[in-house]
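Secondary and tertiary structure notes
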Amino acid sequence: MLPLVTALAVTAGCAHQRASQPPEQPQVVALDLKGTDQVKASDIKEKILTTKTPWWQRLNPFGKPSTFDPNTWQADLKRIVRYYQAQGFYGARIESSQQEPRGEDKVALEVVINEGAPTLVAAVEVSGLEELPDEHRKKALEGLPVKQGEVFREEQWAGTQEQIQARLHELGYAEAEVGGEVRVDLATQGATVDIRANPGPRYRFGNIFVATDANPQVNPRRIIEQAQGSVKKGEWFTESALSEAQARVFRMGVFGAVKVNRGAPDREARTVPVVVDVREAPFRSVRAGGGIGLDAARQEIRVLGEWTHRNFLGGLRKLTLTSRVGYAFIPNITAAFDRIDTDGDGVADAPNETTPHGPIFQVSAQFEQPRFLARDLRLQTSLTAERGLEQAYNFIGGRARAGVVWQPRADLSLSPTYNLELYNLRGQRGSVDQTTAPALVLGCRDTTTSDRCNISVSYLEQFIELNRRNDSLAPTQGYYASLSFQEGGKFLGGDYDFVRVLPDVRGYYTFGPSERFTLAARLRLGTLLTSVEGGVRTDSAIVNRFFSGGGASMRGFNSRRLSPMNVLNLDAEQPSDRVVPVGGNSLVETSVEVRARLISDLSLAVFHDSGLTGSGALTFGPRQDDPLKESGRIFGDYHYQAVGLGLRYNTVVGPIRLDVARRLNIGRPLPIFFSAPGQTTTIGTIGGLGDCFGLGVKKQTITGPDGTPRTVNVEREYAGAPEGLCTFFLSIGEAF
């Protein structure tokens, strides 16, 4: 009888327990495994206790080096042989092992391994499934890890038994058990796999029972009703239905713990009861916190608070009050103290109003009514008041939202809503022409000389979401897809007629040794179509337009800075301070990222981002003479690229993420809108410094009006100018 994988798991688990060593033991500076042609040396090193001291620990005076213990080393040599056996190399042996001193306190280790020939699967024999229908037998045995003619591995053998048993459970055979043995012939290097299954009878779901607290506030009938969305009496038993029922009950939002298990089967009735074990959480909760937002284009400090009642007026109605109060600075906190010379006497006598700052807030109330007309339908309403400060405008107003959420499965939801947004908008002071700034920058219908306007945006929205990720905070497997579809119209009480479409698709795949690498990709597209009046397409409201750039967007640009621009101040010293983003009617964002786990909770990421935010609708068509149309062309001159590196440190609230990106100098500078008195709106560019965090700026010497030479920065046209070519972001949570 072959030893099963259990023994291997014990030794492998021990490999991660690094016992503390006496300080006089020598430091391991090299660990070489020779003869590893068919098994990776890196995999072997993960299964043994003795390790080489990493180079970064040798440079760290406070780090603890890996030391050599003779007893541990002898046990490791046995672990190496055992690991080879688990991989199907039963003739593997250690040819030699050497310890070469390197000075007084260091040692280099070398092991020469004779792998021998691998053991192949000669035959796979299955018994016990003869009485099952052909369809069930085929599903149970399809695509097993152990295959005839391939190298026999103990881990695959254990996985084969577990897989067959899980498939039988999923087919309704709730008491199915799978075992067997493997016979290895060392002379022929062949293994005969004998799978023995006992499926037992096939069961249907029976009654649902609830185990809860002594004096529950939640009516057990509500719990049973939710579980019945997946577990239906009389249908065939499946393990996946139990998992889905558990997710549905937990989604009620009032339980700290939920477990759904099958009870003891009734062999006569051929039914399996279901037991839902729940523990109620406090119905009222208060949360508070704070945070900062640091960006080259905008900085913010804020405090947050939330009060939630999960049984408001009974019936598990949920009321949530949230608030966020803060102060914002554009572009940074030091600019709040800038002053300028307004009368030409050389004395700064007034605040610089092109660098705005001020208080911001958002206060909202959300109400949710579960089981609205149907079990899987929830009524949701919200009311929000807010004041905000953006680079191109500031605003004060409110939003109202009402709709339902239909969630037939834990990973699928559909939410149709009605939305009404009322804002008082004000363009930032300092624009080249204040008479046209509101209409041009904000999309106001009122084109008076005031720099303010009131707008009303009313629309219907349908939002569909499919979330098949294994973890929403730090996903490594699965996919995510969503679609937002908005239809705005004056007939709904708003000032704008428009259609806005925004799909979002993401995918994740983990691979490599010990699942060390994760490939993540994202594609987001957006189109905003407005109405045509008098043969001319009307403008859109700035609150509905697309902006890109930032830590969770296209990382080659700072927050919202990937956007068509409007001139704010031609006399600003920094090119990036002369313009503000005004948003566009089209959006493309792509990201491809490879995340590699380095040590413990620390990971490295390499990524490529691309993006555009165009003035017109998305198009795949040929090059246009009109830059307004060209800016929305996918793979055109206004579709920008960036590459970068990132570090991730996993925490209970998600990974702490540091990303550094460099935009590639491919394409044209961003479209710039000029509007001067007596002139129509045209397209132009403003040069940038082409720097990377202040480095790489070219300088030249010029002679001033007084004949004094002085050194000035040389401005050049770069893709996406006037932004710097490099950005960095520090945040919590993956970019996507």
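A tally of helices and strands in the chain yields 10 helices and 35 strands. Scored against the burial criterion, the 736 residues of the chain give a buried share of 43%. Long-range contacts, defined here as pairs at least 24 residues apart, represent 63% of the contacts in the chain between residues at least 6 apart. For the chain, the computed accessible surface area is about 36,600 Å², with 55% contributed by carbon and sulfur atoms.

Between its terminal C-alpha atoms helix H6 (residues 154-170) stretches 25 Å, which fits the 24 Å expected from 17 residues at 1.5 Å a residue. Turning to H6, its buried residues number three or more, namely Glu-154, Trp-157, Ala-158, Thr-160, Gln-161, Ile-164, Leu-168 and His-169. One side of H6 holds all its buried residues, which, seen down the axis, span an arc of 165°. Exposed residues on H6 whose side chains face more than 90 degrees from its buried face are Glu-155 and Glu-162. In the segment just after H6, Gly-172 is the residue with positive phi, at about 110°.

Looking at where Gln-407 falls in the secondary structure, it is placed in strand S17 (residues 393-409). Gln-407 sits in the buried class, given a relative accessible area of 11%. Sequence separation between Gln-407 and Asp-376 is 31 residues; the distance between their C-alpha atoms is 5.6 Å. Those residues in contact with Gln-407 that lie beyond four places of it in its chain are Arg-248, Arg-251, Asp-376, Arg-378, Leu-412 and Ser-413. Reaching out from Gln-407, the side chain makes a polar contact with the backbone oxygen of Ala-410 at a distance of 3.3 Å.

Moving on, we come to the packing of helix H5 (residues 134-141) against H6. The description of two packed helices rests on the angle between their axes and on the distance between the axes. Across the interface, H5 lies against H6 with an axial gap of 8 Å and an inter-helix angle of 145°. Taken as a pair, H5 and H6 cross one another with a handedness that is right-handed. Where H5 abuts H6, its residues Lys-139, Ala-140 and Leu-141 lie against Ile-164, Arg-167 and Leu-168. Here the contact of H5 with H6 is built from residues that sort into 4 nonpolar, no polar and 2 charged.

Moving on to the state of the cysteines. For the coordinates displayed, the defined rule picks out 2 disulfides. Across the disulfide, Cys-444 is cross-linked to Cys-453 (sulfur-sulfur distance 1.8 Å). Between Cys-444 and Cys-453, the S-S dihedral sits near -45°, and the bridge is therefore left-handed. Across this residue pair, the class does not change: Cys-444 and Cys-453 are buried. The disulfide partner of Cys-692 is Cys-726, and the gap between their sulfur atoms is 1.7 Å.

Next up on the list: the pairing of strand S18 (residues 412-427). Bridging between S17 and S18 involves 13 bridges; their strand directions are antiparallel. Residue Tyr-393 lies in a different strand from S18, and its bridge partner there is Gly-427. Connecting the antiparallel pair S17 and S18 is a turn made up of 2 residues. Looking at chain direction, S18 and strand S19 (residues 452-467) are connected through 15 bridges and run antiparallel. Residue pairing across strands places Leu-412 opposite Leu-466, the latter belonging to S19.

It is worth spelling out the side chain of Gln-161 at this point. Locating Gln-161 in the fold gives a position in helix H6. Among all residues touching Gln-161, those that are not within four sequence positions of it are Val-178, Gly-179 and Gly-180.

Bringing the sheet that holds strand S6 (residues 190-198) into the picture now. Ordered by their spatial adjacency, 3 strands build an open sheet running S4-S6-S5, and the pairing between neighbours is mixed. Sheet topology places strand S4 (120-127) and strand S5 (177-185) at the edges, where each strand pairs with a single neighbour. Shown here is a sheet whose adjacent strand axes are inclined to one another by a mean of 15°, direction ignored. Pairing of S4 with S6, which is carried by 7 bridges, proceeds in the parallel orientation. Following the sheet pairing, Leu-120 is matched in S6 by Gly-190. Sitting on the sheet, H6 is in contact with S5 and S6, with an inclination near 155° to S5.

With that settled, the discussion passes to the pattern of salt bridges. Enumeration according to the criterion identifies 43 salt bridges in this entry. Residue Glu-461 pairs with Arg-401 through a salt bridge whose shortest N-O separation is 3.5 Å. In this pair, Glu-461 is assigned in strand S19 and Arg-401 in strand S17, connecting sequence segments 60 residues apart. Accessibility expressed as a relative area gives 32% for Arg-401, which makes it partly exposed. Here Arg-506 makes a salt bridge to Asp-504, at a shortest N to O gap of 2.9 Å.

All right, on to the packing of aromatic side chains then. Applying the stated criterion to the full structure yields 12 aromatic pairs. Their ring planes at 65° and their centres at 6.1 Å tell us that Phe-693 and Phe-728 sit as a pair that is edge-to-face. In this pair, Phe-693 sits in the loop between strand S32 (682-684) and strand S33 (699-703) while Phe-728 sits in strand S35 (residues 726-732), placing the two residues 35 residues apart along the sequence. Classification of Phe-693 as partly exposed rests on a relative accessible area of 47%. Looking at Phe-728, the relative accessible area reads 48%, which means it is partly exposed.

With that out of the way, let us pick up the confidence of the model for the chain. In this model, the chain carries a mean pLDDT of 87, and residues with pLDDT of at least 70 account for 88%. Considering only residues more than four positions removed or in separate chains, one finds that residues 430-436, a stretch of pLDDT under 50, has 24 contacts. Below a pLDDT of 50 lies the segment residues 676-680, which in the model reaches 4 contacts outside its immediate sequence neighbourhood of four places, other chains included.

Right, let's talk about unusual backbone geometry for a bit. With omega at 0°, the peptide bond leading from Ile-330 into Pro-331 counts as cis. Relative to the helices and strands, Pro-331 resides in the loop between strand S12 (318-329) and strand S13 (339-340). Even without glycine at this site, Arg-270 takes up a positive phi of about 55°. With respect to the secondary-structure elements, Arg-270 resides in the loop between strand S8 (255-262) and strand S9 (271-280). The phi torsion at Leu-373 lies on the positive side, around 70°, for a residue other than glycine. Summarising the element assignment, Leu-373 is placed in the loop between strand S15 (357-369) and strand S16 (377-389).

Another aspect to go through is the sheet that holds strand S1 (residues 27-34). Strands sit in the order S1-S3-S2 across an open sheet of 3 strands; the sheet is mixed. The sheet is open, and its two edges are formed by S1 and strand S2 (93-101), each paired on a single side. With strand direction ignored, the average angle separating the axes of adjacent strands in the sheet is 15°. In this structure, S2 lies alongside strand S3 (residues 106-114), joined through 8 bridges in antiparallel fashion. Counterpart to Glu-100 in the pairing with S3 is Ala-108. Of the strands in this sheet, S1, S2 and S3 are in contact with helix H4 (residues 70-86), which crosses S2 at around 145°.

What follows concerns the packing of helix H7 (residues 220-227) against helix H8 (residues 239-250). Relative orientation of the contacting elements H7 and H8 amounts to 135°, with a least axis distance of 8 Å. Comparing their axes, H8 and H7 come out oblique. Where H7 crosses over H8, the handedness of that crossing is right-handed. When H7 is examined against H8, the residues Ile-223, Gln-226 and Ala-227 are found in contact with a partner set consisting of Ala-245, Arg-248 and Val-249. Of the residues belonging to the contact of H7 with H8, the class tally is 4 nonpolar, 1 polar and 1 charged.

Definitions and limits used
- What you see as residue numbers is a count from 1 along each chain, following the sequence as written.
- Reporting of local features is limited, given that this is a predicted model, to residues whose pLDDT is at least 70; pairs of side-chain atoms are given and counted only at 80 or more, and all residues count toward the totals for whole chains, interfaces and linings.
- Only hydrogens and water are removed before side-chain values are computed, so all heavy atoms of the structure are retained for them.
- Each helix is a run of DSSP H or I of at least 4 residues and each strand a run of E of at least 2, with the numbering of both proceeding from the N terminus.
- Each residue is assigned to one of three classes by its accessible area relative to the maximum for its type, calculated with a 1.4 Å probe on protein chains only: buried under 20%, partly exposed between the two thresholds, exposed over 50%.
- Contact criterion: two residues are considered in contact whenever any of their non-hydrogen atoms come within 4.5 Å of each other.
- Using a 1.4 Å probe, the Shrake-Rupley method yields the accessible areas, and only the shown protein chains count as cover for residues.
- The span expected for a helix works out to 1.5 Å for each residue beyond the first.
- By definition, the arc is the one covered by directions from the helix axis to the C-beta atoms.
- Any pair of nitrogen or oxygen atoms within 3.5 Å is treated as a polar contact; in protein, a donor-acceptor pairing is required on top of that, and neighbouring residues in sequence qualify only through side-chain atoms on both sides.
- Each axis is a line fitted through C-alpha atoms, taken for helices only over the stretch in contact, and angles between the N-to-C directions span 0 to 180 degrees.
- Crossings are assigned a handedness: left-handed for a near helix turned anticlockwise from the far helix by less than a right angle, right-handed for a clockwise turn.
- Any residue that is not Ala, Val, Leu, Ile, Met, Phe, Trp, Tyr, Cys, Pro, Asp, Glu, Lys or Arg is counted as polar, Gly included; the first ten are nonpolar and the last four charged.
- Two cysteine sulfurs form a disulfide in these notes if their separation is within 2.5 Å.
- In this description, strands pair whenever DSSP reports at least two bridges between them.
- Between Lys or Arg on one side and Asp or Glu on the other, a salt bridge is scored when a side-chain nitrogen of the former is within 4 Å of a carboxyl oxygen of the latter.
- Here the aromatic set is Phe, Tyr and Trp, taking the six-membered ring for Trp, and pairing holds for ring centres within 6.5 Å; pairs whose planes are under 30 degrees apart are stacked, those over 60 apart are edge-to-face, and all others are tilted.
- Values of pLDDT, the confidence the predictor places in each residue, fall between 0 and 100.
- Any angle that falls under 35 degrees is termed roughly parallel, while one over 145 is termed roughly antiparallel, one within 65 to 115 roughly perpendicular, and all others oblique.

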